[in-house]
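Chain and residue survey
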Amino acid sequence: MTSELIVDVAQDKVSIALLEDKRLAEFQQEGRLAHYAVGNIYLARVRKIMPGLNACFVNVGSERDAFLHYLDLGFHWPWMEKYYSHTVARQQYRTLQQVPRCEDTCGKEGHIQEVLKAQQQMLVQIVKEPISTKGPRLTCELSFAGRFLVLMPFDDKVHVSSKITSRAERARLKQIVQGLKPKNVGIIIRTVAEGSKAADLEQEIQVLYQRWETTMQRAIQAATSEKPTLVYEETSRAVGLLRDLFNPTFESVYVNDAAVFREIEDYVALIAPERKGIVHHYTGQLPIFDNFNVTRQIAGSFGRIVSYQHGAYMYIESTEAMHVVDINSGNRSKQNDGQEQNALDVNLASADELARQLRLRDMGGIIIVDFIDMAEPEHRQALYERMCENMSKDRAKHTILPLSKFGLMQITRQRVRPALDIVTAETCPSCGGKGEIQPSLLFTDKLKDKIDYLILSLDTIAYGGLIPSRKTDAKFGEIKDNIDTIEIIKKLFFSAQAYLTCRLRECFQKWGPVLKSATKRRASSFAR
């Protein structure tokens, strides 16, 4: 499998498309002036304590106050509060090693009113962007993500990704990082760190720790401000996507903006100097998405109805609480393979497309999928295993349950930003988007009126002097007689009118009874 990243930079937004074997796998859009992105750290103040929710609302400058639950304060909140009082409150920077470690911890059964108060200043990090009517979701467990590692101040442990299965490799990485990390700093070793050299890990630890120090220095400078202050900003979404997905399968990265091109090129040069040449500045005449066939794939992949294989299709409906997907066999039901085999084939194909749709639209929360009913237990198990296999490529945390007695599959998927909804439908030129058109019986009358209008307009042009007459033909050269031309056009219009009227009458006579009987059968089937 080969991967390509296409970055389209417009005046108001940045669109990023990830292609896997030339097929659209992920698509993200970000406003050029977007705020409150996941990973940003703010020096903010508590707006209101809510004991009934065991949470508080924090002013980070967004339209709606951000939400912070007691459990999101973190296990090491007492130590973090102590460090804050020794540094930000006193406007004096001190390292984590210079402040004595606090042995108190924040238990799970505590109450938020016991540890926080209104107008208290604190460092918070966004873990979920504003969605619908809700503000951002916050945490006090700060983290700084790199390509191989995630640095967590106030922790002191080393954790290894569960996707690294080799015991020897896990032990090797843990031993290396344990000897390199600063004291009172926790580290998470990411999956891509498997096989990494100690020098690469050491360099990344230094970069991430420098980010933490810079963040604290900015917080100290903003300590006297009454307004919330952004003290650490996450990398752009294009760089963040590369950081999470970059691997040897990446074939090329195309960018149509010089500034973003240099940003991505510098990042690739930092993490993989030998692959710097895969970043290209696109300067073609066609729009970059049109050139790489992304626009057409977006139009075919988004929308309420998605067709995917042999005429089968799925309906996708979204609400604020959940997403509902209905699988339909479509023309595939005409095959002669038998009902059970046909249902299995459609369901397996839909599992492939559904996993792609979840990544593509970034659908999060609860997803309910209504597959076609299957009687054989082994077929139901095969569908569940296929879905789990497809979702294993998804970076978002998710849980999949086997098919229920009603043939429904329940999926939960991590939601950190609103689901991507791109409108691909166009307004109908006939009804103007109202969903209603003129009665078909009046079509010939309307056509006649339009033809009469055109003929009257031509007469006006001809006899009103707008077209040169015989007397003035000499001024414009030798041309055909205008009056004769008008008469010919009128005859053509009248012939077309008569022909269309005749053909429409024949269609009504031939197909009218058939349509009436079909309508009656459909109505009776709904009644049953």
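Attention in this report is confined to the structure presented alongside it.

About the cut-offs
Residues numbered from 1 in each chain as written. Predicted model: local features only at pLDDT ≥ 70, side-chain atom pairs only at ≥ 80, totals over all residues. Heavy atoms only, no water. Buried < 20%, exposed > 50% of the residue type's maximum accessible area, 1.4 Å probe, protein only. Helix = DSSP H or I, 4+ residues; strand = E, 2+ residues; numbered from the N terminus. Contact = heavy atoms within 4.5 Å. Salt bridge = Lys/Arg side-chain N within 4 Å of Asp/Glu carboxyl O. Pairing = 2+ DSSP bridges.

Digging into helix 1 (residues 77-86)
With 7 of 10 residues buried, helix 1 is to be regarded as a mostly interior element. For helix 1, the complete set of buried residues consists of Trp 77, Pro 78, Trp 79, Met 80, Tyr 83, Tyr 84 and His 86. Where the residues of helix 1 are buried, they touch strand 4 (41-50), strand 7 (121-128) and helix 3 (198-221).

A look at the pattern of salt bridges
Pairing is possible between side chains that carry opposite charge, provided their charged atoms lie close to one another. Across all of its chains, the model carries 15 salt bridges by this definition. In this structure, Arg 395 and Glu 26 form a salt bridge, with 3.1 Å as the shortest nitrogen-oxygen distance. Placement of the pair is Arg 395 in the loop between helix 9 (377-391) and strand 20 (398-400) and Glu 26 in strand 3 (residues 23-31), with a sequence separation of 369 residues. Assessed through its relative accessible area of 6%, Glu 26 is described here as buried. Residue Lys 181 pairs with Asp 156 through a salt bridge whose shortest N-O separation is 2.8 Å. Here Lys 181, found in the loop between helix 2 (167-180) and strand 12 (185-189), pairs with Asp 156, found in the loop between strand 10 (149-153) and strand 11 (158-160); they are 25 residues apart in sequence, far enough to count as distant. Among the residues examined, Lys 181 registers a relative accessible area of 11% and is labelled buried. We classify Asp 156 as partly exposed; its relative accessible area is 32%. Beyond isolated ion pairs, a larger network of salt bridges with shared partners links Glu 20, Glu 26, Arg 359 and Arg 395.

Describing the pairing of strand 5 (residues 55-59)
Taking burial as the measure, the 5 residues of strand 5 include 4 buried ones, the bulk of the element. Two elements, strand 4 and strand 5, share 5 bridges in a ladder whose sense is antiparallel. The partner of Val 46 across the bridge, within strand 5, is Val 58. Counting the residues between successive antiparallel strands, the hairpin from strand 4 to strand 5 contains 4 residues, one of them, Asn 54, with a positive phi of roughly 55 degrees. In this sheet, strand 6 (residues 66-69) lies alongside strand 5 in antiparallel orientation, the contact comprising 4 bridges.

Scope: geometric values only; no functional claims are made or implied.
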